[in-house]
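# Structural description and commentary
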Number of protein chains: 2
Amino acid sequence: MSQDKPNTRGRPPSKAARSKALKAAVEILMDLGFGRLTIDAVAARSGVGKPTIYRNWANASELAMAALMESQPTEPVQATGALSERLEHQVMSIVTAFATTRGRQIGLALAAADRDSEMTRAFRNRVILSGREIGRATISQAVKAGEIAAPRDTEVVLDMIYAPIFYRLLVGHLPLDRDFAAALVAQGLALLGAGDQRG
Amino acid sequence: MSQDKPNTRGRPPSKAARSKALKAAVEILMDLGFGRLTIDAVAARSGVGKPTIYRNWANASELAMAALMESQPTEPVQATGALSERLEHQVMSIVTAFATTRGRQIGLALAAADRDSEMTRAFRNRVILSGREIGRATISQAVKAGEIAAPRDTEVVLDMIYAPIFYRLLVGHLPLDRDFAAALVAQGLALLGAGDQRG
DNA sequence: TTTTATTTACGTTACGTTTCGTAATTAAAT
DNA sequence: ATTTAATTACGAAACGTAACGTAAATAAAA
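The written sequence of each chain sets the order in which its residues are numbered from 1. The order in which chains are written sets their letters, starting at A; the order in which ligands are written sets their numbers, starting at 1. For a predicted model such as this one, the threshold for reporting local features is a pLDDT of at least 70, and the threshold for listing and counting side-chain atom pairs is 80 or more; totals across whole chains, interfaces and linings nevertheless cover every residue. As a rule here, side-chain values come from all non-hydrogen atoms in the structure, and water together with hydrogens is ignored.

Under the annotation held in an unreviewed UniProt entry, chain A carries the name TetR family transcriptional regulator and is attributed to Pseudosulfitobacter pseudonitzschiae.

Written as structure tokens, this is what we have:
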């Protein structure tokens, strides 16, 4: 099978147009919220035509996810030291990030996303599950360092630590704040057999 | 088969909405021309929603035809007297009517219309062929009165009298004016054997 | 008779695509 | 090397429909 050359004939796609659309999408998400993120609104604010927007993203939902990934702040520095310090720092970072306007729009975007979409999977991995993976790595390191015994079911422990963050984000029944993060970590450490009782 | 009662349940269609859309369509045709008669433009000017417009007319073309029929001025009084007087008066009326903004939009609307549409047939009959039918009746009356012998082919004679009006309307290569109307009638009368030569 | 439920039309907004004229590229012709 | 042709993307405007909340009617229930 001959090796196909990339299609370079004709007018090249405009990176500027794509950037303008993403920027407008971020602005609308921050200023007006996920519900007002529509293709018409992005086209109006950015000056990018709707055909061009549809050439880059399948629908408004995928554009929202792309915009939110694009606007992600730099990854926070990992804490060093004991497991409790590292875990608390990491969970505190996630809680702080989600307690922002961007965090709330992330929750809405994910809730509204098409489950089967590859974009949704990428978005979920990048924005939601990446924190959980850091948690897994942190636990593994603590086991190797002999700080704790290997948990019986790491997946469940990770869910019990990270799911409540997302839960409060979406439901909003109780505050998603530093107190909640501290309590969550304390309970998580207890689960891991690294709680205060063990001194 | 049981006799079905008209559907009177629910919110009745609004005659006011329909009238407002037609009025806006007439205004756009007169002010901006047939090419600018779009569903979006009519909706914007009239305040009638697009779903409501589409509930009344299939597309912009049909709306244009409906608007032009609606705005037709009252039928002119038929002339009495000799064939030449009656025919000249009628053709002069048609030429005068077509030489207006409305006349020009009629021509464009018909040219752009879907040939298979019942609306197009109704429009053609009402606005174009009705003049031709009056011509046919005028010729019939002249034959009965002994003013002329029965033409060999009435259809061709009618086409030769009325087609040039429509032709000048659409093509615009020469003026559609009273001189043209007079010349057309003179030639037509000659065809009918009722020309000046016969005194 | 009055109130509530049901049905159908309304306008707004958004959706996603099509058409059109123009722009930006590469390929072919000169 | 330059010019012309062909290809592909661009934005504006229009298309025609769907979803939604509201309005205006009639039918049913109380």
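There's more to say after this.
### Regarding the overall build of chain A
This is how it is decided: By the criteria applied, helices consist of DSSP H or I runs no shorter than four residues and strands consist of E runs no shorter than two, each listed in order from the N terminus. Classification of residues uses two cut-offs on accessible area relative to the type maximum, computed with a 1.4 Å probe and protein chains only: under 20% is buried, over 50% is exposed, and between them is partly exposed. Whether two residues touch is decided by their heavy atoms; if any such pair falls within 4.5 Å, the residues are in contact. We get accessible surface area from the Shrake-Rupley algorithm with a probe of 1.4 Å; when it comes to residues, only the shown protein chains can shield them. None of His or the chain ends enter the tally, which takes Lys and Arg as positive and Asp and Glu as negative. Here the site of a charge means NZ on Lys, CZ on Arg, CG on Asp, or CD on Glu.
A count of helices and strands for chain A gives 9 helices and 0 strands. Counting from the amino terminus, helix and strand elements in chain A follow one another as α-α-α-α-α-α-α-α-α. Taking all 199 residues of chain A together, 37% fall into the buried category. Put simply, 64% of the contacts in chain A that link residues at least 6 apart link residues at least 24 apart. Carbon and sulfur atoms form 53% of the exposed surface of chain A, whose accessible area is close to 12,100 Å². Computing the positive centroid from 25 side-chain charges and the negative centroid from 20, chain A places the two 8 Å apart.

### Regarding helix α7 (residues 118-144) of chain A
Residues and elements named next belong to chain A. Heads up, the condition is: The quantity called bend is, for any residue, the angle between two axes fitted respectively to the seven residues ending at it and the seven beginning at it. A 3.5 Å cut-off defines polar contacts: any pair of N or O atoms within that distance qualifies, except that in protein one atom must be a possible hydrogen donor and the other a possible acceptor, and neighbouring residues in sequence count only when both atoms are side-chain atoms.
Most pronounced at Leu129, the bend in α7 amounts to some 55°. The complete set of buried residues in α7 reads Met119, Thr120, Phe123, Val127, Ile128, Gly131, Arg132, Gly135, Thr138, Ile139 and Ala142. Tucked inside the fold, the buried residues of α7 contact α4 (60-70), α5 (83-98), α6 (101-112) and α8 (154-171). Regarding α7, its N-cap is Ser117, as a side-chain oxygen of that residue lies 3.1 Å from the backbone nitrogen of Met119 further along. Looking at the residues trailing α7, positive phi occurs at Gly146, about 80°.

### A closer look at a nonpolar patch on the surface
All names here are of chain A. To keep things clear, this is the line we draw: Residues with no salt bridge and a relative accessible area higher than 30% make up the patches, which join like charges within 9 Å and nonpolar side chains (Val, Leu, Ile, Met, Phe, Trp, Tyr) within 5 Å. Salt bridge, as used here: a side-chain nitrogen of Lys or Arg that lies within 4 Å of a carboxyl oxygen of Asp or Glu.
Taken together, the side chains of Val156, Met160 and Leu191 make up a nonpolar region of the molecular surface, amounting to roughly 270 Å² of accessible area. Relative to the helices and strands, Val156 is located in helix α8. Residue class for Val156 comes out partly exposed when judged on its relative accessible area of 40%.

### Focus: the layout of surface pockets
Residues and elements named next belong to chain A. Put simply, the rule reads: Grid points spaced at 1 Å over the protein atoms alone were grouped into cavities, where a 1.4 Å probe fits but cannot get out, and pockets, open sets with protein on both sides within 12 Å along at least five of seven lines, with lining residues defined by an atom within 4 Å of a point. Grid points are joined across faces, edges and corners, and a volume is the space filled by probe spheres set on the points. In this classification, Asp, Glu, Lys and Arg are treated as charged, Ala, Val, Leu, Ile, Met, Phe, Trp, Tyr, Cys and Pro as nonpolar, and every other residue, Gly included, as polar.
Quantified by volume, the largest pocket comes out at close to 650 Å³. Around the largest pocket, the lining comprises 30 residues; the ones closest to its centre are Ile94, Ala97, Phe98, Val127 and Gly131. Secondary structure elements with two or more residues in the lining of the largest pocket: α5, α6, α7 and α8. Per-element tally for the lining of the largest pocket: the top contributor is α7, with 8 residues. For the lining of the largest pocket, a count of residues per class yields 16 nonpolar, 9 polar and 5 charged.

### Here's the deal with the protein's contact with DNA strand D
To keep it simple, the criterion reads: We define proximity as follows: a residue is near a molecule or strand when any one of its heavy atoms falls within 4 Å of that partner.
The environment of DNA strand D is made up of 28 residues, and the closest members are Gly10, Arg11, Thr52 and Arg55 of chain A together with Ile39 of chain B. When the atoms of DNA strand D within 4 Å of the protein are sorted by group, sugar and phosphate make up 74%. Ser14 of chain A places a main-chain nitrogen or oxygen 3.1 Å from a phosphate oxygen of DNA strand D. Listing elements by their share of the surface near DNA strand D, those giving two or more residues are α3 (50-56) of chain A together with α2 (39-46) and α3 (50-56) of chain B. Within the surface near DNA strand D, the residues separate by chemical class into 10 nonpolar, 10 polar and 8 charged.

### Regarding the domain arrangement of chain A
The figure often quoted for interface size is the accessible area lost as the parts come together. All names here are of chain A. Spelled out, the test is: Boundary definitions for the domains trace back to an automatic or database domain assignment. Put simply, buried area is how much 1.4 Å-probe accessible surface two parts lose in total, over both of them, once they are put together.
Splitting chain A by domain gives domain 1 (15-70) and domain 2 (83-198). Using C-alpha coordinates to define each centre, domain 1 is positioned 29 Å away from domain 2. Domain 1 puts 11 residues into the contact, and the matching count from domain 2 is 15 residues. Between domain 1 and domain 2, a total of about 1,200 Å² is buried, with carbon and sulfur atoms accounting for 74% of that surface. If you sort the residues of domain 1 by the area they bury against domain 2, Met65, Leu68 and Met69 come out on top, with a joint share of 54%. For the interface between domain 1 and domain 2, the tally reads 0 salt bridges. The tally of links from domain 1 across to domain 2 stands at 3 residue pairs in polar contact (both at pLDDT 80 or more). Elements with a contribution of two residues or more to the side of domain 1 that touches domain 2: α1 (15-31) and α4. Of all the elements, α4 adds the most residues to the side of domain 1 that touches domain 2, at 6 residues.

### Quick word on the protein's contact with DNA strand C
DNA strand C sits among 28 residues. The nearest are Ile39 of chain A together with Gly10, Arg11, Thr52 and Arg55 of chain B. Within 4 Å of the protein, the contacting atoms of DNA strand C are 71% sugar and phosphate, with bases supplying the remainder. Separating a base nitrogen of DNA strand C from a backbone N or O atom of Arg11 of chain A is a distance of 3.5 Å. The contact in question runs from a phosphate oxygen of DNA strand C to an N or O atom on the side chain of Tyr54 of chain A, over 3.1 Å. Sorting the residues of the surface near DNA strand C by element identifies α2 (39-46) and α3 of chain A together with α3 of chain B as the ones contributing at least two each. No other element matches α3 of chain B, which puts 4 residues into the surface near DNA strand C. Residue classes in the surface near DNA strand C are distributed as 9 nonpolar, 10 polar and 9 charged.

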